[in-house]
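# Close look at the chain arrangement
Listed below, chain by chain, are the residues.
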Amino acid sequence: MFTYPFEERYSRQIRLSQIGEEGQRKLVSSRVLVIGIGGLGSPAALYLASAGVGHLVLSDFDRVELSNLQRQVIHRESSIDQLKALSAKETIASLNSDINVTAIDWQLTDDELVDQVGQADVVLDCSDNFETRFAINAACHACRVPLVSGAAIRFDGQLTTFDFRQESSPCYHCLFGGEGFAESCAAEGILSPVVGVIGVMQALEAVKLITGAGEMLTGRLLLFDGLTSQFQQVRYGKDPGCSVCGS
Ligand SMILES: [Zn+2]
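Read on for an overview of the structure. (Residues numbered from 1 in each chain as written. Predicted model: local features only at pLDDT ≥ 70, side-chain atom pairs only at ≥ 80, totals over all residues. Heavy atoms only, no water.)

What follows covers the coordination of the zinc ion. Ideal geometry at a metal centre: 109.5 degrees between donors when four sit tetrahedrally, and 90 or 180 degrees when six sit octahedrally. Looking at the zinc ion, one finds its protein donor set to be Cys171 (SG), Cys174 (SG), Cys242 (SG) and Cys245 (SG), positioned 2.2 to 2.3 Å from the metal centre. The coordination sphere of the zinc ion comprises four donor atoms, whose angles at the metal cover 94 to 121°; the geometry is tetrahedral. Binding-site remark: the zinc ion is held by donors from one chain whose sequence spacing is C-x2-C-x67-C-x2-C. Exposure class is identical for Cys171 and Cys174. Each is buried. (Donors = N, O, S within 2.8 Å, 3.2 Å for Na, K, Ca; no water. Tetrahedral: all angles 85-135°; square planar, octahedral: opposite > 155°, others 65-115°. Buried < 20%, exposed > 50% of the residue type's maximum accessible area, 1.4 Å probe, protein only.)

Take the layout of surface pockets next. Looking at the second largest pocket, its volume works out to about 200 Å³. Forming the boundary of the second largest pocket are 13 residues, of which Leu16, Ile19, Leu204, Val207 and Lys208 lie nearest the centre. Elements represented by at least two residues in the lining of the second largest pocket include exactly α4 (41-51) and α10 (192-211). With five residues, the top contributor of residues to the lining of the second largest pocket is α10. Looking at the lining of the second largest pocket, its residues break down into nine nonpolar, three polar and one charged. (1 Å grid on protein atoms, 1.4 Å probe; cavity = no way out; pocket = protein on both sides within 12 Å on 5 of 7 lines; lining within 4 Å. Points joined across faces, edges and corners; volume = space filled by probe spheres on them. Helix = DSSP H or I, 4+ residues; strand = E, 2+ residues; numbered from the N terminus. Nonpolar A, V, L, I, M, F, W, Y, C, P; charged D, E, K, R; others polar.)

Turning our eyes to something else, we now look at the sheet that holds strand β3 (residues 100-104). Taken together, the eight strands give an open sheet; going across it, the order is β3-β2-β1-β4-β5-β6-β7-β8, and neighbouring strands pair in mixed fashion. Only two strands of the sheet have a single partner each, and these edge strands are β3 and β8 (230-235). Sheet twist, expressed as the mean angle between neighbouring strand axes with direction ignored, is 15°. Sheet analysis places strand β7 (residues 220-225) next to β8, joined by six bridges and oriented antiparallel. Each bridged residue has a counterpart across the sheet, and for Asp225 the counterpart in β8 is Gln230. Contacts from helix α6 (residues 110-119) reach β1 (31-35), β2 (55-59), β3 and β4 (122-125), with the element oriented near 140° to β1. Sheet strands touched by helix α7 (residues 130-143): β1, β4 and β5 (147-153). Its angle to β5, the strand with the most contacts, is close to 165°. (Pairing = 2+ DSSP bridges. Axes fitted to C-alpha atoms, helices over the stretch in contact; angles between N-to-C directions. Contact = heavy atoms within 4.5 Å.)

Here it is, written out as structure tokens:
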């Protein structure tokens, strides 16, 4: 079933007692939806692919631009003007041909988003605008599918996980309210490795969620300051009056 021997390929992960062969098999049979294959989605998708997540669904309808290459490490110079979802699929095929990649290179309708979320074991929000973030949050809450949310701008990053398998889980709307900031990396700038730190940690959250290893960032917002290399945590809870997940 695999071109390359499973035990050897993933031996360094199988060696970890919290993962083991059982955890690795869970990864191989899992399906992860990554929305946005930019600065966050690029490293996240590369690590999920190399770690052996068996089915990656990559959603992005943008095309690769020269100014993306500074941080969107899954794309190549030869990918410029190509659709990001297809460019990412191509790179992953050369990294791990033993996994399936579905590229969604059009803008998902609300129904299509719910359908894709419902099929996923975990969703990574690697998008760059609040409209998309709120739509993903609502879909994940409706489908009871865990959501790993990451964001980065300038030298700063943030990360949290909403485990909607638990009724008591807060949601993105509880944390940030109905409106977000209209900041963009195009206007504000972003330092390349900062977005890498957060994207890789989104992959880490997904791997822990699938394998059951360790503790996830549920109810905790992790803040990263790239200028001082410091992490901080802020605890948060469910908003009983939340229009998405409240009663
Ligand atoms: Zn909520």
